[in-house]
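Given next are the chains, with one letter for each unit.
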Amino acid sequence: MVKLSTLKTKKLKTIKASNNKLVFLFGPTSVGKTKLLTDICKDKFSVINADSIQVYKGLDIGSAKVSSEMMEKIPHYLIDILPPSQQFSVADFIKRADEACQDIYSKGRIPIISGGTAFYFKHFLYGLSDAPPTDPKVREEIEKEIKLNGIASIYEALKLVDLPSYNKINPNDSYRIQRAYEVYKTCGKPLSSFSISEKPRNNMDPLIIGLYRDNEEMHRRLRVRVDLMMKEGLLDEVKRLIREGAKEDWPGMQGIGYREFFEAIKSGENSRSQTLAKIVLDSKHYAKRQYTFFRSFKNVNWMEASNTEEIENLIYSFIQDN
RNA sequence: GCCGCUUUAGCUCAGUUGGUAGAGCAAAGGACUGAAAAUCCUUGUGUCCCUGGUUCAAUUCCUGGAGGCGGCA
């Protein structure tokens, strides 16, 4: 880990033309990103984590975080930066990833952004709209309102102030209804009046690599991985977190491999093997959603994940090509 | 061996007072504007266990058989 605090005092230089190359490495959970990174030349690259759960301290086994040996070999950024009780957002990701890139370039290295959170990749590349960030007070108010009158009433309220969003968002999608309504309540402008750029930020020149594997193979890997997590002591990790005060609604606890234990405690009747099966199932569903999102990205070099040599060649020819 | 219940989608089960059937889960596909490991959308033909019978028509009623579960021996 590299400390970023010193960077804050420095003014961030605009990225030079020569300092605009970086690698995106993404793919669904368990496809083999971490394994691949261990094979890549240590001297030229530093890794920026783009995984919304691995940013949290103490969530090691369940999030399949890279080992500390691995982090010593290749510098890693955006890992273990927050306690799991604290909210992290795309905006935080972009800000810190930008800082990390500056630091990496200043050391003559090239950043590899690696992870499975498609939302982070998308907005790291294209940026965010000018819509206001979440105001916890406003969100709390809206949540109260939902409890009182139901999400349908918020949806109807949205119709009056932001018809395009109302039409776009499904009435059951409480998450997006809340966000759209929140934007209006915060700044008085509809969410639909803000747009996202279609061009990469900062003159960025990314090599975009998407990893995939055969479906059967993915399912096999997921099962093996969850078994391995148990052997490595996932249960003890969860017990430790609960002892330390972890609550179901902590942001970090919505991660797969953690939330299932809270579900099990709640229902009171799930056996160990049922909980494990649920973790595997949730992971499969997640991997599927990740594929769907990543597949919508443009200019992706889709590579079979076991094809290590070809992927390395691709990366090396990219950084040599000036 | 006898008695009762049961056999319908990959799984758990509804249902058809006789006109060839539908939920949940799974599976497959999709969306994604500061919580994204989140949130949400779309997609259901399956010898209705087998065999005869009654009927214009049987997955449904009746006979016989097979599998499962329970009880009594």
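Provided above is the structure to which this section pertains.
Not measured: the values here are computed from a predicted model.

Calculation notes
- Residues numbered from 1 in each chain as written.
- Chains lettered and ligands numbered in written order.
- Predicted model: local features only at pLDDT ≥ 70, side-chain atom pairs only at ≥ 80, totals over all residues.
- Heavy atoms only, no water.
- Axes fitted to C-alpha atoms, helices over the stretch in contact; angles between N-to-C directions.
- Helix = DSSP H or I, 4+ residues; strand = E, 2+ residues; numbered from the N terminus.
- Parallel < 35°, antiparallel > 145°, perpendicular 65-115°, else oblique.
- Left-handed = near helix turned anticlockwise from the far one by under 90°.
- Contact = heavy atoms within 4.5 Å.
- Core = buried A, V, L, I, M, F, W, Y, C linked by side-chain atoms within 4.5 Å.
- Buried < 20%, exposed > 50% of the residue type's maximum accessible area, 1.4 Å probe, protein only.
- Near = heavy atom within 4 Å.
- Polar contact = N/O pair within 3.5 Å; in protein donor to acceptor, adjacent residues only side chain to side chain.
- Nonpolar A, V, L, I, M, F, W, Y, C, P; charged D, E, K, R; others polar.
- Expected span 1.5 Å × (residues − 1).
- Arc of directions from axis to C-beta.

*Asks:* I would appreciate a short explanation of the packing of helix α7 (residues 151–161) against helix α9 (residues 174–187) in the present structure.
*Replies:* Two measures define how a pair of helices packs: the angle their axes make with one another and the distance between the axes. Where α7 meets α9, the axes come as close as 10 Å, and the angle between the chain directions of the two elements is 45°. With respect to α9, the element α7 is oriented oblique. Viewed along their axes, α7 and α9 form a crossing whose handedness is left-handed. Residues Ile 151, Ile 154, Tyr 155, Ala 157, Leu 158 and Val 161 of α7 touch α9, and the partners they reach there are Ser 174, Ile 177, Gln 178, Ala 180, Tyr 181 and Tyr 184.

*Asks:* Please clarify how the nonpolar core should be interpreted in this entry.
*Replies:* The tendency in soluble globular proteins is for nonpolar side chains to be buried side by side. Judged by nonpolar contacts, the single largest core of 49 residues is most densely connected at Phe 24, Ile 48, Phe 93, Ile 113, Phe 124 and Leu 234. Contributions of two or more residues to this core are made by β1 (21–26), α4 (90–106), α5 (118–126), α10 (215–232), α11 (234–243), α12 (259–267) and α13 (272–295). Per element, the largest residue contribution to this core is 8 residues, and it comes from α4. Ignoring any residue separated from it by four or fewer positions in sequence, one finds Ile 113 in contact with Leu 22, Val 23, Phe 24, Leu 25, Ile 48, Ala 50, Phe 93, Phe 121 and Phe 124. In terms of nonpolar packing, the next biggest core, distinct from the first, is built from 27 residues, Val 31, Ile 112, Leu 207 and Ile 311 among them.

*Asks:* Just to check I follow, could you spell out the protein's contact with RNA strand B for this structure?
*Replies:* In the vicinity of RNA strand B lie 48 residues, with Ser 52, Asp 173, Tyr 175, Arg 259 and Arg 289 positioned nearest. Of what RNA strand B places within 4 Å of the protein, 55% of the atoms are sugar or phosphate. Separating a base nitrogen of RNA strand B from a backbone N or O atom of Phe 194 is a distance of 2.7 Å. Within the contact set of RNA strand B, a phosphate oxygen lies 2.6 Å away from a side-chain nitrogen or oxygen of His 285. Per element, the largest residue contribution to the surface near RNA strand B is 9 residues, and it comes from α13. Class assignment of the residues belonging to the surface near RNA strand B gives a composition of 17 nonpolar, 19 polar and 12 charged.

*Asks:* Please clarify how α10 should be interpreted in this entry.
*Replies:* An α-helix turns once every 3.6 residues. As a result, residues three or four positions apart point the same way. In a regular helix each residue adds 1.5 Å, so 18 residues correspond to 26 Å; α10 covers 25 Å between its end C-alpha atoms and thus fits that length. Restricting attention to buried positions, one finds in α10 the residues Met 218, Leu 222, Val 226, Met 229 and Met 230. Down the axis of α10, the buried set is contained in an arc of 115°. They therefore lie on one face. Exposed residues on α10 whose side chains face more than 90 degrees from its buried face are Glu 216 and Lys 231. In the core, the buried residues of α10 are packed alongside α11 and α13. The residue sitting at the N-terminus of α10 and contributing the capping side-chain oxygen is Asp 214; that oxygen lies 3.1 Å from the backbone nitrogen of Glu 216. A positive phi of about 100° marks Gly 233, the residue just after α10.

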